[in-house]
Amino acid sequence: MQARMCEQGHPMAQRWDDELSRARFEFRWHDQFNLSLDPVTARSFHDATLPHEVAKTAHFCSMVRGRLQGTRPHSYSAWCPVPVSSAVGDHG
């Protein structure tokens with residue numbers, strides 16, 4: 001839906017998509033929820049498996065089952081983009 005809005009030239013779509021991408025990259029979970037198309041549903045999906053507040057401030061990737069920071073060392077999957085993105089962000 002977001003991509004379609006950008007393609008159709010909605011005046012604020014690109015800015016909104018960029019903000020959501022930045023929030024994802026920086027693990028700003030509350031911003032991700034608030035910027036989603038349906039914040040209530042986004043929060044409820046997240047909270048269905050990760051209800052504790054620490055899960056909304058931790059730096060982990062829920063797509064490939066990264067570990068919550070502070071509980072165990074990160075064990076990223078070989079397919080996880082987080083280490084690469086972090087390295088690029090540190091040097092870019």
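Conventions and cut-offs
All residue numbers refer to position in the chain's written sequence, counted from 1. The predicted origin of the model limits local features to residues at a pLDDT of at least 70 and limits the giving and counting of side-chain atom pairs to 80 or more, whereas totals for whole chains, interfaces and linings rest on all residues. With hydrogens and water stripped out, all remaining heavy atoms of the structure feed into the side-chain values. Helix and strand assignments come from DSSP, with helices taken as H or I runs of at least 4 residues and strands as E runs of at least 2, each series counted from the N terminus. Each residue is assigned to one of three classes by its accessible area relative to the maximum for its type, calculated with a 1.4 Å probe on protein chains only: buried under 20%, partly exposed between the two thresholds, exposed over 50%. Throughout, a contact is declared for two residues whenever any of their heavy atoms are within 4.5 Å. The protein chains shown are the only cover counted for residues, whose accessible areas, like all others here, come from Shrake-Rupley with a 1.4 Å probe. For every residue, the predictor states its confidence as a pLDDT score lying anywhere from 0 to 100. Under the rule applied, a polar contact is a pair of N or O atoms within 3.5 Å (in protein, one hydrogen donor and one hydrogen acceptor; residues adjacent in sequence only if both atoms are side-chain atoms).

Draft legend 1. Focus on the overall build of the protein. In terms of helices and strands, the protein carries 5 helices and 0 strands. In the protein, the succession of helices and strands from N to C terminus is α-α-α-α-α. Taking all 92 residues of the protein together, the buried fraction comes to 22%. Of the contacts made within the protein by residues no fewer than 6 positions apart, 24% connect residues no fewer than 24 positions apart. Here the protein displays about 6,800 Å² of accessible surface, and carbon together with sulfur accounts for 57% of that area.

Draft legend 2. Layout of unusual backbone geometry. Not every positive phi belongs to a glycine, and F27 is a case in point at roughly 55°. By the element assignment, F27 lies in the loop between α2 (13-25) and α3 (29-35).

Draft legend 3. Up close: the confidence of the model for the protein. In this model, the protein carries an average pLDDT of 74, and 57% of its residues clear a pLDDT of 70 or more. Of all the helices and strands in the protein, helix α1 (residues 2-7) carries the lowest mean pLDDT, 58, while α3 carries the highest, 93. Ignoring residues within four places in sequence, the model shows residues 66-74, a span with pLDDT below 50, making 15 contacts including any to other chains.

Draft legend 4. View of the side chain of H46. With respect to the helices and strands, H46 occurs in helix α4 (residues 39-49). Looking at H46, the relative accessible area reads 8%, which means it is buried. There is a polar contact of 3.4 Å between the side chain of H46 and the backbone oxygen of A55. In this view, H46 contacts W29, F33, A55 and K56; residues no more than four positions away in its chain are not counted.

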